[in-house]
Amino acid sequence: MRTIRRLIYREVLGAVVFVAIGFLALFFFFDFVDDLPNVGKAGGAYRLTQALAYVTLLIPSHLYELLPIAVLIGTIFVMARLAQSSEYTILRTSGLGPWRAMRTLLTLGMMFTVLTFAAGDYLAPVAGRTAQLLKARLEGRVSIGQTGAWLKERQPYHTYNVNVSALTPEGDMQGVRIFESDARGFLVSVTQAPKGRFADDGAWLLENAERSEFTTKAGDVAKVDRIKVPSLRWPTEITPEMVSVALLKPDRMSTIDLFQYIRHLEANGQTSQRYEIEFWRKVFYPLSCMVMVVLALPFAYLHFRSGGITSYVFVGVLIGISFFLLNNVFGYIGNLQNWRPWLTAAAPGLIYSMFSLGAFGWLVLRR
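Residues numbered from 1 in each chain as written. Predicted model: local features only at pLDDT ≥ 70, side-chain atom pairs only at ≥ 80, totals over all residues. Heavy atoms only, no water.

Caption draft 1: A look at the packing of helix H1 (residues 2–35) against helix H2 (residues 48–57). For the pair H1 and H2, the least separation of the axes is 9 Å and the interaxial angle reads 140°. With respect to H2, the axis of H1 lies oblique. Considering only the axes of H1 and H2, their crossing is right-handed. In contact with Phe28, Asp31, Phe32 and Asp35 of H1, H2 contributes Leu48, Ala51, Leu52, Tyr54, Val55 and Thr56. A class-by-class count of the residues in the contact of H1 with H2 yields 7 nonpolar, 1 polar and 2 charged. (Axes fitted to C-alpha atoms, helices over the stretch in contact; angles between N-to-C directions. Helix = DSSP H or I, 4+ residues; strand = E, 2+ residues; numbered from the N terminus. Parallel < 35°, antiparallel > 145°, perpendicular 65-115°, else oblique. Left-handed = near helix turned anticlockwise from the far one by under 90°. Contact = heavy atoms within 4.5 Å. Nonpolar A, V, L, I, M, F, W, Y, C, P; charged D, E, K, R; others polar.)

Caption draft 2: Quick look at the nonpolar core. Within the largest apolar cluster, 48 residues are counted, with the highest numbers of intra-cluster contacts made by Val71, Met79, Tyr88 and Leu297. Counting only elements with at least two residues in this core, the list comes to H1, helix H3 (59–84), helix H4 (87–93), helix H5 (98–139), helix H9 (288–296), helix H10 (310–337) and helix H11 (341–366). A per-element tally of this core places H3 first, with 12 residues. If near-sequence neighbours (up to four positions away) are discounted, Leu297 is found in contact with Met79, Tyr88, Pro98, Ala101, Met102, Leu105 and Phe360. Within the second largest apolar cluster, 25 residues are counted, among which are Val162, Val164, Ala193 and Trp234. (Core = buried A, V, L, I, M, F, W, Y, C linked by side-chain atoms within 4.5 Å. Buried < 20%, exposed > 50% of the residue type's maximum accessible area, 1.4 Å probe, protein only.)

Caption draft 3: Structural detail: the confidence of the model for the chain. Mean pLDDT over the chain stands at 82; residues scoring 70 or higher make up 88%. Summarising per-element confidence for the chain, the mean pLDDT is lowest in helix H6 (residues 240–247) (73) and highest in strand E4 (residues 187–198) (91). (pLDDT = per-residue confidence, 0-100.)

This is the structure we're talking about:
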């Protein structure tokens, strides 16, 4: 059985690597063509080499998204080819039963699951942030929307609503505004600074800050005191990672960053539905590789001796694309309909697991 496992592992690994390289080359070409109009901008600082580096840094995120599809297509190709050449029939007479074949493919699927998790949780976030900072040299900053990122922090007796317009490529903040409210919800002060940076102890150091304090004296007489300071230190638990997270798309974040940001949102009474769905997608999406190898196993039991296997590979492409689309659709619908985040993220995998096990039971066991 060790020889059989080595044969299947070698064939599937080679096919998956070939399919993954083909997909990555295609997406690399599309991204490069899309980024070509930016070459020559920023006073000529954004050159062709920067564009190539930016597109290359997008490869890990594409690998994370495409690896389950590549696993499905590559495994279907190998299983169908073994069936076409009657090699799988020989393997069956050598003792490779349906359940043993499934265990063999599930072991291989676990390897791809670990690879997908590593690509999505370690390679893609680091490469994505590096690519965004590289792109920021063209625009001069990293921002989102028209107003930037909004964060909230509750401290003893006071609540702070913080707005950061953008981050510079060096990681400093631009356009910082801090709105301080008391326990009754009344505005106490507003602090504005054109620039800010993160101190080593976690505090924010605001440059050329202007602080407006609102006080009410006896007789309901309101008073506004304005002060300007060259440098203002604001102690906070809002870390640089949280600010960058708020300026990044959730799918570019690691699982740990998502978990910490969700806890921060919940502790400050903010909605975290969108980030919870993405967190559970990070948990369940790598497991789809195991679903894909099980879905490909019935193709080994198709009885044909002549003709190509192009149609079966095309079916694999359609199934992979449909899984990718369904995974995204469920994320949007779950966010709109307030579905349970873990169920929203797990639903596509569960649907395709039931479909693959049904196909396995009908085509392999019953026939």
